[in-house]
Amino acid sequence: MNDITSDQREQSLSEILQIRREKLTRLQSENRDPFHVTKYLRTHFSSDITNDFEKMEGRDVSLAGRIMAKREMGKAIFADISDDKGRIQLYIKQSEVGDERFDDIKRGDIGDIIGVKGTVFKTRMGEISVHCNYIELLAKSLRPLPEKYHGLTNQELKYRQRYVDLIMNPDTRKTFNLRSAFIKHIREFLDQRGYIEVETPVLNTISGGASARPFITHHNTLDLEMYMRVATELHLKRLIVGGIERVYEVGRVFRNEGMSTRHNPEFTMLELYQAYADYNDMMDLFEELLATAAMKLLGTYKLRWHETEIDLSPGWKRMTMTEAVKEHTGIDFTPIKNDREAADAVRGLGIKMPEDKEETWGNLLCECFEQKVEDKLTGPVFITDHPVEISPLAKRKVADPRLTERFELFICRSEMGNAFSELNDPIDQYQRFARQVALREKGDLEASMMDYDYINALEYGMPPTGGLGVGIDRCVMMLTNSSSIRDVILFPTMKPTE
């Protein structure tokens, strides 16, 4: 038997679309256009009944939802509807709802949205159901849903048509319910510890707060080039200067960079800052935030992600970047005194230095870590003490000024968050900005710009401060065992179809 051709599938779909529109036209000609319905009063959701049947048995209810299945049995119809809380079976008898309403359901299609009233009962087969005495068509589905036994399985189509994915795949709904619960947990966790939630600008006249390539736009009235924020950091630290000692923001940030299973051009970050704290306090806070989230939302510290078993029980490993590089490559950067010695030390590792980065001690250490170590870290592990070249906003370590008081958390080879003991010396900060500007002029499009107003703020005095940035999307990936960031963003960035 020959396979169905693409043209045949298109012809079949066109016929279905035409038939569904003809059904709508008939209803409209009878002055019963479902799209004229403006409101429907329901008293319960499906889960109210299925989760507490003993209490609900025999009670009258009003439900609304989408028809997901339908089985005709002469003058009776069994149908399943889904709503925001789940799915339930309906029992519809022609003699009880009337010929016209029964005919509406009989002629109706999978995907139609209806409202029903009836009594809760259980069938002889033990199925919790609603015995309907009233039915109303609330919206006509003009497109067929995917084949019911397989749902929507095409990954790219799931991302492009998330609305169909949510209709067909209960696991998708669970993922985004958990995402919402995780963000709620973040807010409750920080609010209980005295943090204040704020909002900072998305559009800025400079790009700052992270080493990332920005999106550029134009403000017509001001005739001004502006940048979509790559981080919320510099505005939040201005608030620390202003005396708001514990502050956070959950918001969208934008980076004009590559796309992968771990990267989307726009993503959601938590950034928080606490006066009179350092990066060790931020490690403690981050560990507690994620560990309590796992226990609260999943009931366990033990998770599976990327085919790897991970344990979020408190007491996570901490090691410096130099220790991690030494463990995995055998090279100890600590006694190396200059850039030339560092270059000689890594020559046999096959390190590929980006064209826009100089072969300095710090850059070579960073590249060794990223190219030879990062993909071996199952974690959870905090990698601390990053080179100053790649940490323009972090405080230097007194014991070794080549390094900063900074960490990144790695779980299953993914960076989950980034934190500093924040640099509060305005003179040092100006010099580091100046170095970033020089790198930018040499072609490093991820280098920061000079922020004179931020320097001005620091000159008024910022207390010792700990700061933390958390990638919320990656945390949700971990909590839901998702392999791609697109699975946890409702509307991920996609290349347009032709």
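Figured I'd write up the structure that's included with this text.

Rules behind the numbers
Within any chain, residue numbers begin from 1 and follow the written order of that chain's sequence. Residues qualify for local features only when their pLDDT is at least 70, as the model is predicted, and side-chain atom pairs are given and counted only at 80 or more; totals for whole chains, interfaces and linings, by contrast, use all residues. Side-chain descriptors were evaluated using all non-hydrogen atoms of the structure, hydrogens and water having been removed beforehand. Here, the term nonpolar core denotes a set of buried Ala, Val, Leu, Ile, Met, Phe, Trp, Tyr and Cys residues that are joined through side-chain atoms within 4.5 Å. Type-normalised accessible area, obtained with a 1.4 Å probe on protein chains alone, sets the label of each residue: buried when under 20%, exposed when over 50%, and partly exposed for intermediate values. In this text, helices come from DSSP runs of H or I with a minimum length of four residues, and strands from runs of E with a minimum of two, each type numbered from the N-terminal end. Whether two residues are in contact is decided by their heavy atoms: any pair within 4.5 Å suffices. Counted as salt bridges are all cases of a side-chain nitrogen of Lys or Arg within 4 Å of a carboxyl oxygen of Asp or Glu.

## Comments concerning the nonpolar core
So, point 1. Ranked by internal contacts, the top residues of the largest apolar core, which has 44 residues, are L270, I411 and M478.
So, point 2. For this core, the leading source of residues is helix 10 (residues 279-298), giving nine residues.
So, point 3. Those residues within four positions of I411 in sequence are excluded, and the remaining contacts are L290, W305, I310, L312, L377, T378, P380, M416 and M478.
So, point 4. In terms of nonpolar packing, the next biggest core, distinct from the first, is built from 24 residues, V61, L63, I114 and I128 among them.

## Structural notes on unusual backbone geometry
So, point 1. In the segment running from G379 into P380, the intervening peptide bond is cis, with an omega of 5 degrees.
So, point 2. Looking at the element boundaries, P380 is found in the loop between helix 13 (361-372) and strand 15 (381-384).
So, point 3. Look at R413: it is not a glycine, yet its phi comes out positive at around 65 degrees.
So, point 4. According to the relative accessible area criterion, R413 is partly exposed, its value standing at 24%.
So, point 5. The phi angle at N481 is positive, at roughly 55 degrees, despite the residue not being glycine.
So, point 6. Assignment of secondary structure puts N481 in the segment after helix 16 (472-480).

## Digging into the pattern of salt bridges
So, point 1. Evaluation of the coordinates by the stated rule reveals 42 salt bridges.
So, point 2. Residues R20 and D109 are paired through a salt bridge, measuring 3.7 Å at the closest nitrogen-oxygen approach. Taken together, the residues R20 in helix 1 (residues 6-29) and D109 in the loop between helix 5 (99-107) and strand 4 (113-122) connect sequence positions 89 residues apart. Here R20 and D109 have matching classes, each one buried.

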